[in-house]
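Now for the letters of each chain:
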Amino acid sequence: MANNKSGSSGARSPLSLVVAMALCCFFYLLGAWQRSGYGKGDAIAAAINHQAACSDNPSSSSSSSSTAAGLTFETHHGGASTNASSSSPALPEIFPACAASLADHMPCHDQDRAMKFPRKNMVYRERHCPTAAAGDRRLRCLVPAPAGYMTPFPWPKSRDYVPFANAPYKSLTVEKAVQNWVQYEGAVFRFPGGGTQFPKGADEYIDCLATVVPFNSGHVRTVLDTGCGVASLGAYLDSRGVIAMSFAPRDSHEAQVQFALERGVPAFIGVLGSIKLPFPPRSFDMAHCSRCLIPWGANGGMYMMEIDRVLRPGGYWVLSGPPINWKANHKAWERTEADLAAEQQRIEEYAAMLCWEKVTEINEIGIWWKRPEPCPDRPAEARACDEANQDDVWYKNMEACITPPAGASAGGELQPFPGRLTAVPPRIMSGSVPGFTAESYEEENRLWERHVVAYKKVNYKLNTERYRNIMDMNAGVGGFAAAIFSPKAWVMNVVPTAAELSTLGVVYERGLIGMYHDWCEAFSTYPRTYDLIHGNGIFTLYKDRCKMEDILLEMDRILRPEGTVILRDDVEILLKVQRTVQGMRWKTLMANHEDSPHIREKVLYAVKRYWTAAGEDSEEQKNMGSSSEGKGSEE
């Protein structure tokens, strides 16, 4: 009997052990899941974040590349690609390459579409984005880089040299040859710094302006350059601590703005036509026109009134070229004395109406100063614009009216730059931005300083000259741009039209630049414009407004090959983004919030792989695991 009991007990013992072990494992896993709080998504993010922590330090090998969990932030200049196969059982949607002819595709500035719009007031040169209602559809393909595309030279070398392959257009080297805009020298374009109104170079021209405009004091920090050409003014103002926002239309002078961006100068495609500029009132310390061909005296002074709207009280307006000093130049300009005299008379009258004081005329340069105090003797016929929501300018018609002064609600003195970068801006001090106090504004800046420190632990290239052209897709009050501020980089601070608060005025008061934009549409820029794109909560903001894929495809269009993306958002959204960009030739890395792995907000790092239109014939390039690693970066 004893032996039988013993045998029965032994037969049941293994089953009991198995059940006990299974229950222990189940409750252990359940407890771990509950502690994480976010289920599978957070577990994935935590695992990848652990990989990043193991790979933060730069490689000690002789190569200059640095990796974080397989993510390469190094630049390359051509050569064959290597393959890296994916082990994911469920493949994401694969976005094909667009045709090579679309290498410079700009959806909202398409030449064929533009010709369908009126010529009056340059309407056909303005933004005209494809819409589903009009039967147009956005391209669902990846805009290729031209064959032989190279990473631009680091600043300041890029100011003077651009690889020919990046913008292979020689027309300006012929049309503007005597004006010293750009010269073709084999594998590169060279930019001597000349211009139509400054054939002896931008530096000498700026020295002339500096006899009146106080560039060196830090009081003139932000400049608007209308009809910028290849933006040599902005390129040479940079060394004086002044940042210029340059723009010109996409017109017959091929590659003007594209050259500016390849050089590393802030610029966008735009025109003074019928729509207001995408800036808030009182943004710029100076506005400039050098032979920009804008009819300043036309349309009841509407264009001068638009400049007045975006010009800060105490700011300067510079007009260089016709009709200034027309008596000495009318023959060279091939215009009659009467025509030029009448044009200058109209400009002078509108300037007086705007309370701009004529400071000087130097040869063909006229300089006006916008008086900071309210205008005491404005004529009765001068119409004031509606004061309601002056920041609401997106697709709003320009009017021949004068923007009212800010008044006590948004006044205050600005510190000279760089002091104004960290000082509390007048709009915050006056309470003009709902929900922001001086204390909460400073806390916001401290938060972004912590975020950027965490970014640099994953991508140490943020400390170097690797990134010149940077975009922040949802800039807020400019905290990210201030935290990464460097004289070797600039940030386009975009305030989405969908944002709850209009904070772009604060950005400009800090001495930074930016513009309004609706991310349901394409940005007014050429492909391959930006080295680094940062987005904080951008997909949460546009979650119910437009498709995530469309925003990502636009990001891919304006991002350079081997450019970097940093996205902060909810983990579930970023997991969808991560899956989508697997079909867009991006390499990705998910990281936890720097404060805790239990915070739902995560950070997605991505690098766009190097590939070109010519490489599409190669099986290596067609393989979505292709990479530019190993192509060599010793040039």
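The name an unreviewed UniProt entry assigns to the protein is Methyltransferase, from the organism Urochloa decumbens. Under Sequence similarities (unreviewed entry), UniProt gives the following word-for-word description of the protein: "Belongs to the methyltransferase superfamily."

**Student:** How do you make sense of the sheet that holds strand β8 (residues 267-269) when you look at a structure like this?
**Tutor:** The strands making up a sheet associate through backbone hydrogen bonding, with each pair oriented either parallel or antiparallel. Taken together, the seven strands give an open sheet; going across it, the order is β8-β7-β6-β9-β10-β12-β11, and neighbouring strands pair in mixed fashion. Each end of this open sheet is capped by a strand with a single partner; those strands are β8 and β11 (356-362). The mean inter-strand angle of the sheet, taken between neighbouring strand axes irrespective of direction, is 20°. Along the sheet, helix α6 (residues 202-209) contacts β9 (284-290), β10 (311-320), β11 and β12 (365-370); its crossing angle with β12, the most-contacted strand, is approximately 45°. Strand contacts of helix α8 (residues 256-263): β7 (243-248) and β8, with the helix running at about 155° to β8, the strand carrying the most contacts.

**Student:** Looking at this structure, how should I read the packing of helix α10 (residues 326-333) against helix α11 (residues 337-353)?
**Tutor:** Put simply, α10 and α11 touch, their axes get as near as 9 Å, and they point 125° apart. The orientation of α10 relative to α11 falls into the category oblique. The interaxial crossing formed by α10 with α11 has right-handed handedness. Counting all contacts with α10, which are made through Trp326, His330 and Trp333, the residues of α11 involved are Glu337, Leu340, Ala341 and Gln344. For the contact of α10 with α11, the residue count by class is four nonpolar, two polar and one charged.

**Student:** Explanation requested: the pairing of strand β17 (residues 559-570) in the structure shown.
**Tutor:** Walk down a regular strand and you will see the side chains alternate between the two sheet faces. Burial of β17 is extensive: 11 of the 12 residues sit out of reach of the surface. One ladder, built from seven bridges, connects β17 with strand β19 (residues 601-608); its direction is antiparallel. Within β19, the residue paired with Asp570 across the bridge is Glu601.

**Student:** How should the state of the cysteines be read in this particular structure?
**Tutor:** Linking two cysteines covalently via their sulfur atoms produces the bond known as a disulfide. Going through the model one piece at a time under the given rule, you end up with six disulfides. Between the sulfur of Cys108 and that of Cys129 lies a disulfide, 2.0 Å long from S to S. Negative torsions about the S-S bond denote left-handed disulfides, and the value of about 110° found for Cys108 with Cys129 makes this one right-handed. A residue pair is termed long-range when its members are at least 10 positions apart, and Cys108 in the loop between β2 (71-72) and α3 (111-114) and Cys129 in the loop between α3 and α4 (157-160) qualify at 21 residues.

**Student:** Explain the pattern of salt bridges to me, please; I cannot follow it from the model alone.
**Tutor:** Any two side chains of opposite charge can pair, on the condition that their charged atoms come close. Summed over all chains, the structure comprises 30 salt bridges. In this structure, Glu594 engages Arg568 in a salt bridge whose closest nitrogen and oxygen atoms are separated by 3.3 Å. Of this pair, Glu594 sits in the loop between β18 (586-592) and β19 while Arg568 sits in strand β17, and the two are 26 residues apart along the sequence. Bridged by salt links that share partners, the residues Glu93, Arg140 and Asp550 form one connected network.

**Student:** Would you mind going over helix α14 (residues 438-458) with me for this structure?
**Tutor:** Three or four residues apart is the spacing at which side chains of an α-helix point the same way, because the helix has 3.6 residues per turn. Taking 1.5 Å per residue as the helical rise, α14 with its 21 residues ought to reach 30 Å, and the 31 Å between its terminal C-alpha atoms agrees with that figure. Burial in α14 covers these residues: Ala438, Tyr441, Asn445, Trp448, His451, Val452, Ala454, Tyr455 and Val458.

**Student:** Could you clarify how one ought to interpret the sheet that holds strand β4 (residues 183-185) in this entry?
**Tutor:** Judged by pairing direction, the sheet is antiparallel, and its three strands sit side by side in the order β3-β5-β4 without closing on themselves. Sheet topology places β3 (161-163) and β4 at the edges, where each strand pairs with a single neighbour. Across the sheet, the axes of successive neighbouring strands diverge by a mean angle of 30°, strand direction being ignored. By the bridge criterion, three bridges tie β3 to strand β5 (residues 188-190) in an arrangement that is antiparallel. The partner of Pro163 across the bridge, within β5, is Val188.

Cut-off values and rules
For every chain, the first residue of its written sequence is number 1, and the numbers climb from 1 along that sequence. In keeping with the model being predicted, local features are shown solely for residues with a pLDDT of at least 70 and side-chain atom pairs are shown and tallied solely at 80 or more, while totals for entire chains, interfaces and linings include all residues. Side-chain calculation: all heavy atoms of the structure are included, whereas hydrogens and water are not. UniProt positions are given in the numbering used here, feature names are shortened, and annotations may be inferred rather than shown by experiment. The criterion for strand pairing is that DSSP finds at least two bridges linking the strands in question. Think of it this way: any DSSP run of H or I at least four residues long counts as a helix, any run of E at least two long counts as a strand, and we number them from the N terminus. For helices, the fitted line uses only the C-alpha atoms of the stretch in contact; every axis is such a line through C-alpha atoms, and the angle between N-to-C directions lies from 0 to 180 degrees. What makes two residues a contact is simply this: any of their non-hydrogen atoms within 4.5 Å. Note that the term roughly parallel is reserved for angles under 35 degrees, roughly antiparallel for angles over 145, roughly perpendicular for angles of 65 to 115, and oblique for everything else. Two helices crossing with the near one rotated counterclockwise from the far one by less than a right angle form a left-handed crossing, whereas a clockwise rotation gives a right-handed crossing. Ten residues, namely Ala, Val, Leu, Ile, Met, Phe, Trp, Tyr, Cys and Pro, are considered nonpolar, four, namely Asp, Glu, Lys and Arg, are considered charged, and the remaining ones, Gly among them, are considered polar. Partly exposed residues are those whose accessible area sits between 20% and 50% of the maximum for their type, while under 20% is buried and over 50% is exposed, using a 1.4 Å probe and protein chains only. Any cysteine sulfur atom paired with another within 2.5 Å is treated as part of a disulfide. Whenever Lys or Arg places a side-chain nitrogen within 4 Å of a carboxyl oxygen from Asp or Glu, that contact is recorded as a salt bridge. In this scheme, a helix's expected span is set at 1.5 Å multiplied by one less than its residue total.

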